[in-house]
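So you can see what is in the structure, the chains are spelled out below.
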Amino acid sequence: QVQLVESGGGLVQAGGSLRLSCAASGSISSINAMGWYRQAPGKQRELVAHIRSGGSTVYADSVKGRFTISRDNAKNTVYLQMNSLKPEDTAVYYCEADLTVAGTGGDDYWGQGTQVTVSS
């Protein structure tokens, strides 16, 4: 059984900052990549940022220069530092992990989501 537990969401004014965390736990053999996605009301879920085990990163154009993804491999944890937040960043943010479970194989796992609301 694998769990992804997110924390750090909340309400912030435009221009402010938040830091999201996501910790993976369970019978994990290895984590290939972890990422953050978001879904605003009435919109499709979209990639925000993604980081592979070697450290390479991918960002959505809309967050480049404002958000930074990082991970602590020893803690199976990924972080998303969000600066200069805008009202259009308001969404439910989901953590995702591409990982291998001992004795089972690789698959994608998702967290329960954490709400980020940016007021204007």
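See the structure printed just above.
So, here is what we can say about the structure in this document.

### Observations concerning unusual backbone geometry
1) Next: Positive phi, normally seen in glycine, also occurs at N76, with a value near 50°.
2) Next: With respect to the secondary-structure elements, N76 resides in the loop between β7 (67–72) and β8 (77–82).
3) Next: Take N76: its relative accessible area is 24%, and that puts it in the partly exposed class.
4) Next: Located in the positive-phi region is S84, a residue other than glycine, with phi close to 50°.

### Concerning the environment of I69
1) Next: Mapping I69 onto the fold places it in strand β7.
2) Next: Counting along the chain gives 54 residues from I69 to G15, while the straight-line C-alpha distance between them is 18 Å.
3) Next: Leaving out residues up to four positions away in the same chain, I69 has contacts with M34, G35, W36, A49, H50, I51, T57, Y59, V78, Y79 and L80.

### Observations regarding the environment of I51
1) Next: Checked against the element boundaries, I51 lands in strand β5 (residues 46–52).
2) Next: Exposure remark for I51: the relative accessible area of 6% places this residue in the buried category.
3) Next: Through-space distance from the C-alpha of I51 to that of W36 is 9.1 Å; in sequence the pair is 15 residues apart.
4) Next: In contact with I51, other than residues within four places in its own chain, are A33, M34, S56, T57, I69, S70, R71 and V78.

### Considering the nonpolar core
1) Next: W36, L80, M82 and Y93 are the most contacted members of the largest nonpolar core, which has 31 residues in total.
2) Next: Sort the elements by how many residues they give to this core and strand β9 (residues 91–101) lands first, with six residues.
3) Next: Residues in contact with Y93, not counting those within four places in the same chain, are E6, L20, W36, Y37, R38, V48, F67, L80, M82, G113, T114 and V116.

### Structural notes on the state of the cysteines
1) Next: Going through the model one piece at a time under the given rule, you end up with one disulfide.
2) Next: Bridging C22 to C95, the disulfide has an S-S length of 2.1 Å. On the S-S bond that ties C22 to C95, the torsion sits near -80°, and the link is left-handed. Taken as a pair, C22 in strand β3 (residues 18–26) and C95 in strand β9 lie far apart in primary sequence, 73 residues in all.

### A look at the pairing of β8
1) Next: Counting buried residues in β8 gives five out of six residues, a clear majority hidden from the surface.
2) Next: Pairing analysis gives six bridges linking β3 to β8, with the strands arranged antiparallel. Residue pairing across strands places C22 opposite V78, the latter belonging to β8.
3) Next: Both β7 and β8 contribute to a ladder of six bridges, which runs antiparallel. The residue bridging F67 from the neighbouring strand is M82, located in β8.
4) Next: The turn linking β7 back onto β8 is made up of four residues, and N76 within it adopts a positive phi angle of 50°.

Parameters and conventions
- Sequence order as written defines the numbering, with residues in each chain counted from 1.
- Given that the model is predicted, a residue must reach a pLDDT of at least 70 before its local features are reported, and side-chain atom pairs must reach 80 or more before they are shown or counted; all residues, however, enter totals for whole chains, interfaces and linings.
- To obtain the side-chain values, all non-hydrogen atoms of the structure were used and water was disregarded.
- Helix numbers and strand numbers start at the N terminus; a helix is a DSSP run of H or I with at least 4 residues, a strand a run of E with at least 2.
- In this scheme, a residue with accessible area under 20% of its type's maximum is buried, one over 50% is exposed, and one in between is partly exposed, where area comes from a 1.4 Å probe on protein chains only.
- The contact criterion used is simple: two residues touch if any of their non-hydrogen atoms lie within 4.5 Å.
- For this analysis, a nonpolar core means a set of buried residues of the types Ala, Val, Leu, Ile, Met, Phe, Trp, Tyr and Cys, connected via side-chain atoms within 4.5 Å.
- Throughout, a disulfide means two cysteine sulfur atoms within 2.5 Å of one another.
- Paired strands, in this sense, are two strands between which DSSP finds at least two bridges.

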